[in-house]
Amino acid sequence: MTRLCVLDVDSTLITAEVIELLAEYAGTRAEVAAITDAAMRGDLDFAGSLERRVATLAGLPSTVFAQVLDVVQFTPGAPELVSTLQANGWAVGLVSGGFAEIVNPLAARLNITLVRANRLEVIDGVLTGRTVGPVIDRAAKATALRDYADQVGATLSQTVAIGDGANDLDMMAIAGLGIAFNAKPLVQEQADIAVNAERLDTVLELIEL
């Protein structure tokens, strides 16, 4: 029997919001952080907020991805959570409203192959301020969880979803267990369980390995 844990990335698996780290280099961090906060509270449509935030990144060189990867930090306990689940036969997946250019290398560090995230358009080594491909929004995150479950042979009742923002609510709703981790108030209210802790592996106390 395979079981599955799907994690949000920004402010769940890692401590930061990657779009804000990118915006730091564009000089738009304050503006982007305000939009991100409103979107994660559920006050703004995610796709629209993503478009507005990404537009501020136009003109950045693609070398910015390596710079951001150098400063991104896993949430304390995140690698331990993933390795413990994997050692106990769980499949672990990531689904992110952030960006594949950062999420994919992070996933590789944790031996995670189930990954979905938005992609930033780069032309001639420069960010255009647009994304390419489908937007990973609330509905897409739920679809990813279903697809991952099908892929590994888990039923939805055998899945756990962990996130912190409004964008995670749909996948948390269909998972067997939805855990809000240091989440926005709306998300804590709607999750099966809310965990407020420094370490992400605290959630292992709630999961039957």
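Summary of the structure given here. (Residues numbered from 1 in each chain as written. Predicted model: local features only at pLDDT ≥ 70, side-chain atom pairs only at ≥ 80, totals over all residues. Heavy atoms only, no water.)

With that out of the way, let us pick up the side chain of D168. Turning to its location among the elements, D168 is positioned in the loop between strand 5 (159-163) and helix 8 (169-174). For D168, a relative accessible area of 1% translates into the label buried. Among residues more than four places away in sequence, those in contact with D168 are D8, K141 and G163. (Helix = DSSP H or I, 4+ residues; strand = E, 2+ residues; numbered from the N terminus. Buried < 20%, exposed > 50% of the residue type's maximum accessible area, 1.4 Å probe, protein only. Contact = heavy atoms within 4.5 Å.)

Glancing now at the packing of helix 2 (residues 29-41) against helix 3 (residues 46-55). Across the interface, helix 2 lies against helix 3 with an axial gap of 10 Å and an inter-helix angle of 170°. Relative to helix 3, helix 2 is oriented roughly antiparallel. Here V32, I35, T36, A39 and M40 of helix 2 come into contact with helix 3, specifically with F46, S49, R52 and R53. Considered class by class, the residues forming the contact of helix 2 with helix 3 number five nonpolar, two polar and two charged. (Axes fitted to C-alpha atoms, helices over the stretch in contact; angles between N-to-C directions. Parallel < 35°, antiparallel > 145°, perpendicular 65-115°, else oblique. Nonpolar A, V, L, I, M, F, W, Y, C, P; charged D, E, K, R; others polar.)

Another aspect to go through is the pairing of strand 3 (residues 114-123). Two elements, strand 2 (residues 91-99) and strand 3, share five bridges in a ladder whose sense is parallel. The residue of strand 3 that forms the bridge with V95 is R116. Taking the sense of rotation as the criterion, the β-α-β connection linking strand 2, helix 6 (residues 100-109) and strand 3 turns out right-handed. Note that strand 3 and strand 4 (residues 126-132) share four bridges and pair antiparallel. In the strand pairing of strand 4, L120 is matched with T131. Once strand 3 ends, the chain turns through two residues before running back antiparallel as strand 4, passing D124 with a positive phi of about 55°. (Pairing = 2+ DSSP bridges. Right-handed = clockwise from strand over helix to strand, strands pointing away.)

Here we take up the environment of M172. Locating M172 in the fold gives a position in helix 8. Between the C-alpha atoms of M172 and A161, which are 11 residues apart in sequence, the distance is 5.2 Å. Setting aside chain neighbours within four positions, we find M172 in contact with A161, G163, G178, I179, A180, V187, A191 and D192.

Turning our attention to the environment of L120. Within the secondary structure, L120 is located in strand 3. Residue classification places L120 among the buried positions, given a relative accessible area of 6%. In sequence terms L120 and G133 are 13 residues apart; their C-alpha atoms lie 9.0 Å from each other.

Buried within helix 1 (residues 18-26) are the following residues: V18, I19, E20, L21, L22 and A23. Its buried side turned inward, helix 1 meets helix 2, helix 3, helix 4 (64-71), strand 2, helix 6 and strand 3. Of the residues flanking the end of helix 1, it is G27, one or two places downstream, whose phi is positive at about 75°.

Treat this as a map of the structure, not an account of what it does.
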